[in-house]
Amino acid sequence: MEAKREAGPAKRIKICWATEFFRAKDRSQTWVGIGNAYGYYTHERRMFEHVSKIADMDFNAPVAVHIQTADKFHRIEGKKNYLFTMFEAEQIPATYVRGVNEADHLIVPCTHNQRLFARYTDKPIDVCHEGVDFSVYTFKERKFSIPFRFLWVGAPNPRKGWEEMTCAWKFGGFDRAKEVELYIKTTLGNMYERKANIIFDSRNMTLEQLRDLYHSAHCFIFPTRGEGFGLTLAESMATGLPCIATRYSGTADFFDDYVGYTLKYKMFNFNLEAYQLRADMATPSVEDLINQMSYVFNHYSKARQKGRLAARRIQKYFTWPLAAQRLVEIIRSSM
């Protein structure tokens, strides 16, 4: 009887990386339109970096991976096209429907998006979470001190909970408390100023500077209305920072009351003018945000413990090497 051959290591698959493919066609392009600046760019570059370590990047490969918003998707003919995309609400824009149906296979960063896009296409949809770079976002043990810093990070738009955050600060009486301060880190400018106990910072930061900002804070507040994944929340959790956030859409896959403080919310139909879309999204409770912020301030030893648990969860399940492995597994199993 012929002896069975032992299975050797799986052969490295070949992938055409769409961003690099289109950039190679026009070397003048320093930016290939893929989506919003921080989320999609970080996702696409980190995934490229780590997938390159376990797969061969080859423009002639039979499969192509596109990480971008669905409205910017363009097929590479002669290949099986995987579109890695996302959206933050319960409906998607009409401009996205073409892309999700022209792709051969969809990949999304959360289970919410898997359900969402399944309403618009019969193409296969797999979940591949994003990751955190632990060489940058290192853990730091927190200590209670005054002033107690609440941190909010995001673009200055309603989806990131800007309005809920500012309302909670005012109506919760935090704006009159000398023991606390609010650090607002946003984009679209180059300003740094302090007014009373609020710091407003719109300067560009390196990843290391952003990490140091997380390290300087006592509590991260993220009353988001919807996320494809929620990368800033995951990064803050990785540093051990106690977090208060909405557990809806992308964040629901990695954030809960075991590792943080979830906010009550109701669904509301918003007019998303940028997408010419009316869509249902979460409306976090300002009253609950006030209560959670007060609780963290007054029970910081318990909050720090949740921060430690959060860091362990992210480090165990949500890293870029794990995300890259999952992406390759999806492609390999569907080829």
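Bear in mind that the values here come from a model prediction, so they are computed numbers and not experimental data.

### Some thoughts on the overall build of the protein chain
Then comes step 1: Regarding its fold elements, the protein chain presents ten helices and 15 strands.
Then comes step 2: Computed over the C-alpha atoms, the radius of gyration of the protein chain is 21 Å, within 12% of the 20 Å expected from 2.2 N^0.38 for a compact globule of 335 residues.
Then comes step 3: If you line up the protein chain on its principal axes, its C-alpha atoms span 75 × 50 × 40 Å.
Then comes step 4: For the protein chain, the proportion of contacts with a sequence separation of at least 24, taken over those separated by at least 6, is 63%.
Then comes step 5: Surface summary for the protein chain: the accessible area is close to 15,800 Å², and the carbon and sulfur share equals 52%.
Then comes step 6: One finds the centroid of the 47 positive side-chain charges in the protein chain at a distance of 3 Å from the centroid of its 38 negative side-chain charges.

### Focus: the pairing of strand β4 (residues 80-84)
Then comes step 1: Of all the five residues making up β4, four are buried; the element is thus mostly covered by neighbouring parts of the structure.
Then comes step 2: When strand β3 (residues 63-67) meets β4, the two strands line up parallel, connected through five bridges. In the sheet register, V63 faces β4, and the bridge partner there is K80.

### Quick look at the sheet that holds strand β6 (residues 125-127)
Sheet strands associate in pairs through backbone hydrogen bonding, adopting either a parallel or an antiparallel arrangement.
Then comes step 1: In space, the six strands of this open sheet follow the order β2-β1-β3-β4-β5-β6, with parallel pairing throughout. Strands at the two margins of the open sheet, each flanked by one partner only, are β2 (56-57) and β6.
Then comes step 2: Here three bridges tie strand β5 (residues 105-108) to β6, and the two strands are oriented parallel to one another. Residue pairing across strands places I107 opposite D126, the latter belonging to β6.
Then comes step 3: Helix-sheet contacts for helix α4 (residues 111-118) involve β5 and β6, and the interaxial angle to β6 is about 170°.

### Some details on empty space enclosed by the protein
Then comes step 1: Counted under the stated rule, the structure contains one cavity of 30 Å³ or more.
Then comes step 2: The space that makes up the largest cavity amounts to roughly 50 Å³.

### Describing the sheet that holds strand β7 (residues 148-153)
Then comes step 1: Across the sheet, seven strands lie side by side as β9-β10-β8-β7-β11-β12-β13; this open sheet has mixed pairing. Every other strand in the sheet has two partners, leaving β9 (192-195) and β13 (261-263) as the edge strands with one partner each. The sheet shows a mean angle of 20° between the axes of neighbouring strands, direction not considered.
Then comes step 2: Here β7 pairs with strand β11 (residues 219-222) via two bridges, running parallel. Note that in β11 the partner of F150 across the bridge is C219.
Then comes step 3: Along the sheet, helix α6 (residues 207-216) makes contact with β7, β8 (180-185) and β11, crossing β7 at roughly 140°.
Then comes step 4: Taken strand by strand, helix α8 (residues 286-298) contacts β7, β8, β11, β12 (243-246) and β13, and its axis lies near 165° from that of β13.

### Notes on the side chain of K185
Then comes step 1: As for its placement among the helices and strands, K185 is situated in strand β8.
Then comes step 2: Of the side chains with opposite charge, D201 comes closest to the buried, unpaired K185, at an N-O distance of 5.0 Å.
Then comes step 3: There is a polar contact of 3.0 Å between the side chain of K185 and the backbone oxygen of R203.
Then comes step 4: Residue contacts for K185: discarding those within four places in its chain leaves W152, V153, G154, D201, S202, R203, M205 and L213.

### Here we look at the environment of E163
Then comes step 1: Structurally, E163 can be placed in helix α5 (residues 162-171).
Then comes step 2: Look at E163 and you get partly exposed, because its relative accessible area is 40%.
Then comes step 3: Considered as a pair, E163 and H74 are 89 residues apart in the sequence and their alpha carbons are 36 Å apart.
Then comes step 4: The contact partners of E163, leaving out residues within four places of it in the chain, are P158 and R225.

### Regarding the pairing of β9
Then comes step 1: Strand direction decides the pairing type here: β9 and strand β10 (residues 198-201), joined by four bridges, are antiparallel. Its bridge partner being in β10, E193 is matched across the sheet by F200.
Then comes step 2: Following β9, the chain reverses through two residues before pairing antiparallel with β10; A196 in that reversal takes a positive phi of roughly 55°.

### As for helix α1 (residues 18-25)
Then comes step 1: When α1 is considered as a whole, its buried residues turn out to be A18, T19, F21 and R23.
Then comes step 2: Packed against the buried residues of α1 are β1 (14-17), α2 (39-51) and β3.

Parameters at a glance
- Sequence order as written defines residue numbering, which begins from 1 separately in each chain.
- With pLDDT at 70 or above as the cut-off, local features in this predicted model cover only qualifying residues; side-chain atom pairs require 80 or more to be listed or tallied, and sums for whole chains, interfaces and linings still use all residues.
- Side-chain measures were taken over the full set of non-hydrogen atoms in the model, leaving aside hydrogen atoms and water.
- Put simply, DSSP H or I for four residues or longer makes a helix, DSSP E for two residues or longer makes a strand, and each gets a number counted from the N terminus.
- Each radius of gyration is computed over the set of C-alpha atoms, and the globule rule expresses the reference value as 2.2 Å times the number of residues to the power 0.38.
- Contacts: residue pairs with any heavy atoms within 4.5 Å of one another.
- Note that accessible areas follow from Shrake-Rupley with a 1.4 Å probe, and for residues the cover is restricted to the protein chains shown.
- The charge count treats Lys and Arg as positive and Asp and Glu as negative. His and the chain ends do not count.
- Charge placement uses NZ in Lys and CZ in Arg. For Asp and Glu, CG and CD serve respectively.
- A simple rule labels every residue: compare its accessible area, found with a 1.4 Å probe on the protein chains alone, to the largest value its type can have, and call it buried under 20%, exposed over 50%, or partly exposed in between.
- By definition, two strands form a pair when at least two bridges between them are found by DSSP.
- Helix axes use the C-alpha atoms of the stretch in contact, all axes being lines fitted to C-alpha atoms, and the angles between their N-to-C directions lie in the range 0 to 180 degrees.
- Lining residues are defined by having an atom within 4 Å of a point belonging to a cavity or pocket. Those points lie on a 1 Å grid over the protein atoms alone, cavities being sets where a 1.4 Å probe fits but cannot get out and pockets being open sets with protein on both sides within 12 Å along at least five of seven lines.
- Grid points are joined across faces, edges and corners, and a volume is the space filled by probe spheres set on the points.
- Whenever a carboxyl oxygen of Asp or Glu lies within 4 Å of a side-chain nitrogen of Lys or Arg, that contact is scored as a salt bridge.
- Whenever a nitrogen or oxygen atom comes within 3.5 Å of another N or O atom, the pair is scored as a polar contact, on the condition that within protein one atom can donate a hydrogen and the other can accept it, and that pairs from neighbouring residues in sequence are kept only if both atoms are in side chains.

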